[in-house]
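Structural features, examined
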Amino acid sequence: MEIIDRPAPPAGLHRLLWRLPIRLYRLGLGPVLGRRVMLLTHTGRVSGLPRQAVIEVVQRDAHGYVAASGFGPRADWYRNVTANPDVTLQIGGRRVQATASPIPTGEGGEIMARYAPRHPTAARRLCRLMGFAVDGGVEDYRQVGRHIPFVRFTPRPPSPTS
């Protein structure tokens, strides 16, 4: 694994295109995107206003959903959920209240090592997008995973209605 160039989050026209899936969710077309993509609604760390991002679910288990911050710790959504971990997820047509928590670096490496063999094309593209050159081996992906911040979104029990 080699770090080539860590890109900045998209700006301008690229940002508009990157955010297109948010519009699909708003139009009620979230289920078309499948269960590997989720709409994350979070609170802006500075503004206090609701913000949204569409991110990939890289792992789903008994503890919740895991996503990677492909643009590293500089991504706005990542900085927002670390400042205010109460979030809402929408996966397909299902909404879930959840709590975000950063995943330790070592565990992130293992998550990426498991993800890559399941989704080899997506893993290669993701690494290239994030500025990593990989040889396709599990150890390379494990090293990449140690450089990417991962977040676990743990569903909260529904709040009692009054």
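Residues numbered from 1 in each chain as written. Predicted model: local features only at pLDDT ≥ 70, side-chain atom pairs only at ≥ 80, totals over all residues. Heavy atoms only, no water.

Looking at an unreviewed UniProt entry, one finds the protein named Deazaflavin-dependent oxidoreductase (Nitroreductase family) and attributed to Actinomadura citrea.

Re the overall build of the protein
Summing up its helical and strand segments, the protein has six helices and nine strands in all. Counting only C-alpha atoms, the protein reaches 55 × 40 × 30 Å along its principal axes. Counting the 162 residues in the protein, one finds 39% classified as buried. Long-range contacts, defined here as pairs at least 24 residues apart, represent 65% of the contacts in the protein between residues at least 6 apart. (Helix = DSSP H or I, 4+ residues; strand = E, 2+ residues; numbered from the N terminus. Buried < 20%, exposed > 50% of the residue type's maximum accessible area, 1.4 Å probe, protein only. Contact = heavy atoms within 4.5 Å.)

Re helix α5 (residues 120-129)
Those residues of α5 that fall on the buried side of the exposure criterion are Ala123, Leu126 and Cys127. Down the axis, α5 shows its buried residues gathered within 100 degrees of arc, on one side only. Relative to its buried face, α5 has exposed residues pointing more than 90 degrees away, namely Arg125 and Arg128. Looking at the buried residues of α5, the elements they touch are α4 (105-118), β8 (132-133) and α6 (138-147). (Arc of directions from axis to C-beta.)

Let's talk about the sheet that holds strand β9 (residues 150-155)
Pairing is antiparallel in the open sheet, where seven strands are placed in the order β3-β2-β6-β7-β9-β5-β4. Each having just a single partner strand, β3 (50-56) and β4 (59-61) make up the two edges of the open sheet. Neighbour to neighbour, the strand axes of the sheet diverge by 30 degrees on average, direction disregarded. Across three bridges, the pairing between β4 and strand β5 (residues 64-68) is antiparallel. What sits directly across from Arg60, in β5, is Tyr65. The strands touched by helix α3 (residues 76-83) within the sheet are β2 (37-43), β3, β5, β6 (86-91), β7 (94-102) and β9, with β2 carrying the most contacts at an inclination of about 55 degrees. (Pairing = 2+ DSSP bridges. Axes fitted to C-alpha atoms, helices over the stretch in contact; angles between N-to-C directions.)

Digging into the nonpolar core
Membership of the largest hydrophobic core comes to 20 residues, with the highest contact counts inside it found for Met38, Leu40, Ile55, Trp77, Val81, Leu89 and Phe153. Those elements giving two or more residues to this core turn out to be β2, β3, β5, α3, β6, β7 and β9. Once residues lying within four places of it in the same chain are set aside, the contact partners of Leu40 are Arg51, Gln52, Ala53, Ile55, Trp77, Val81, Val87, Thr88, Leu89 and Phe153. Counting 17 residues, the second largest nonpolar core, distinct from the first, contains Ile111, Ala123, Tyr141 and Val144. (Core = buried A, V, L, I, M, F, W, Y, C linked by side-chain atoms within 4.5 Å.)

Comments concerning the packing of α4 against α5
Axis separation between α4 and α5 bottoms out at 5 Å; the angle between their running directions is 125 degrees. Comparing the axis directions of α4 and α5 gives the class oblique. Here Met112, Tyr115, Ala116, Pro117 and Arg118 of α4 lie close against α5, whose contacting residues are Pro120, Ala122, Ala123, Leu126 and Cys127. (Parallel < 35°, antiparallel > 145°, perpendicular 65-115°, else oblique.)

Re the packing of α4 against α6
Taken N-terminus to C-terminus, the directions of α4 and α6 make an angle of 135 degrees; their axes are 7 Å apart at the nearest point. Considering their axes alone, α4 and α6 lie oblique with respect to each other. The crossing of α4 and α6 is right-handed. Residues Thr105, Gly108, Gly109, Glu110, Met112, Ala113, Ala116 and Pro117 of α4 lie in contact with α6, whose contacting residues are Val138, Tyr141, Arg142, Val144, Gly145 and Arg146. Classifying every residue of the contact of α4 with α6 by side-chain character gives seven nonpolar, four polar and three charged. (Left-handed = near helix turned anticlockwise from the far one by under 90°. Nonpolar A, V, L, I, M, F, W, Y, C, P; charged D, E, K, R; others polar.)

A short note on the pattern of salt bridges
Within this structure, the stated rule accounts for eight salt bridges. A salt bridge links Glu56 to Arg36, with the shortest nitrogen-to-oxygen separation between them at 2.7 Å. Here the residue Glu56 occupies a position in strand β3, and Arg36 occupies one in the loop between α2 (20-26) and β2, the gap between them amounting to 20 residues. By relative accessible area, which is 23% here, Glu56 ends up partly exposed. The partly exposed category is assigned to Arg36, whose relative accessible area is 35%. The shortest N-O distance in the salt bridge between Glu139 and Arg142 comes to 2.8 Å. Here Glu139 and its partner Arg142 are both found in helix α6, three residues apart, which amounts to about one turn of the helix. Assessed through its relative accessible area of 18%, Arg142 is described here as buried. (Salt bridge = Lys/Arg side-chain N within 4 Å of Asp/Glu carboxyl O.)

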